[in-house]
Amino acid sequence: MHVSDLLSFLVTGDPLSADERAEVRNEVSFSAAVDGHLAWRQCLIDTVVGSAAAPMHCVEVCDETGCLLGRWLDGAGKRRYGDLPSFGELGAQHSRFHQLACEILELSSSGRKEDAMHLIDGEFLSVSTEIIARMQRLRSVFGS
């Protein structure tokens, strides 16, 4: 995906005002969202391999509004940018991330850890990496 596509939901030909950037920074910290996403992803992997201090459960994993990015996507971000296509694409990727995580935990809990790890190493990490790249770009745009 091109940077211009990623930012099409943020920039509609006019530069973002300082006020708009400040409002978004007050709504969400993309730095914290990246850090939270990486920690959450590692906890899921640790749960599958059996080394998690606090294993994850399907209920929390399947809730895409349970993380910082998900709350922003479902709330203030949606109100502000929900009608723009790239915002919808980020939301769809985020939903897919949580669907895959749910599927991974279901595979793992049913004794199919090898299948769960295969899914982690494939589509799950690919989707996760794309979400992180988008959040890092958003962080550079908004300075948060």
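Description of the structure in this document. (Residues numbered from 1 in each chain as written. Predicted model: local features only at pLDDT ≥ 70, side-chain atom pairs only at ≥ 80, totals over all residues. Heavy atoms only, no water.)

1. As for the packing of aromatic side chains
- The tally for this structure, following the rule as stated, stands at five aromatic pairs.
- Ring geometry for Trp-40 and Phe-97: centres 5.3 Å apart, planes at 45°, overall tilted. Separated by 57 residues along the polypeptide, Trp-40 in helix α3 (residues 30–49) and Phe-97 in helix α7 (residues 85–109) bring together distant segments of the chain. Note on accessibility: Trp-40 and Phe-97 belong to one class, buried.
- Their ring planes at 70° and their centres at 5.8 Å tell us that Trp-72 and Phe-87 sit as a pair that is edge-to-face. Highlighted residues: Trp-72 in helix α5 (residues 68–74) and Phe-87 in helix α7, separated in sequence by 15 residues.
- Judged by relative accessible area, Trp-72 falls into the buried class, the value being 3%.
- A network of ring pairs unites the aromatic residues Phe-30, Trp-72, Tyr-81 and Phe-87 as a single cluster. (Phe/Tyr/Trp six-rings, centres within 6.5 Å; stacked < 30°, edge-to-face > 60°. Helix = DSSP H or I, 4+ residues; strand = E, 2+ residues; numbered from the N terminus. Buried < 20%, exposed > 50% of the residue type's maximum accessible area, 1.4 Å probe, protein only.)

2. Some details on the state of the cysteines
- Going through the model one piece at a time under the given rule, you end up with one disulfide.
- Between the sulfur atoms of Cys-62 and its disulfide partner Cys-102 the distance amounts to 1.7 Å. With the S-S bond torsion at 50°, the cross-link from Cys-62 to Cys-102 turns out right-handed. One end of the pair, Cys-62, is in helix α4 (residues 58–62); the other, Cys-102, is in helix α7, and 40 residues separate them in sequence.
- Look at Cys-102 and you get buried, because its relative accessible area is 11%. (Disulfide = S-S within 2.5 Å.)

3. Description of the packing of α3 against α7
- One can describe the packing of α3 onto α7 by two numbers: an axis separation of 10 Å at closest approach and a directional angle of 20°. Considering their axes alone, α3 and α7 lie roughly parallel with respect to each other. Between α3 and α7 the crossing geometry is left-handed. Residue-level contacts link His-37, Trp-40, Leu-44, Thr-47 and Val-48 of α3 to Phe-97, His-98, Ala-101, Ile-104, Leu-105 and Ser-108 of α7.
- Considered class by class, the residues forming the contact of α3 with α7 number seven nonpolar, four polar and no charged. (Axes fitted to C-alpha atoms, helices over the stretch in contact; angles between N-to-C directions. Parallel < 35°, antiparallel > 145°, perpendicular 65-115°, else oblique. Left-handed = near helix turned anticlockwise from the far one by under 90°. Contact = heavy atoms within 4.5 Å. Nonpolar A, V, L, I, M, F, W, Y, C, P; charged D, E, K, R; others polar.)

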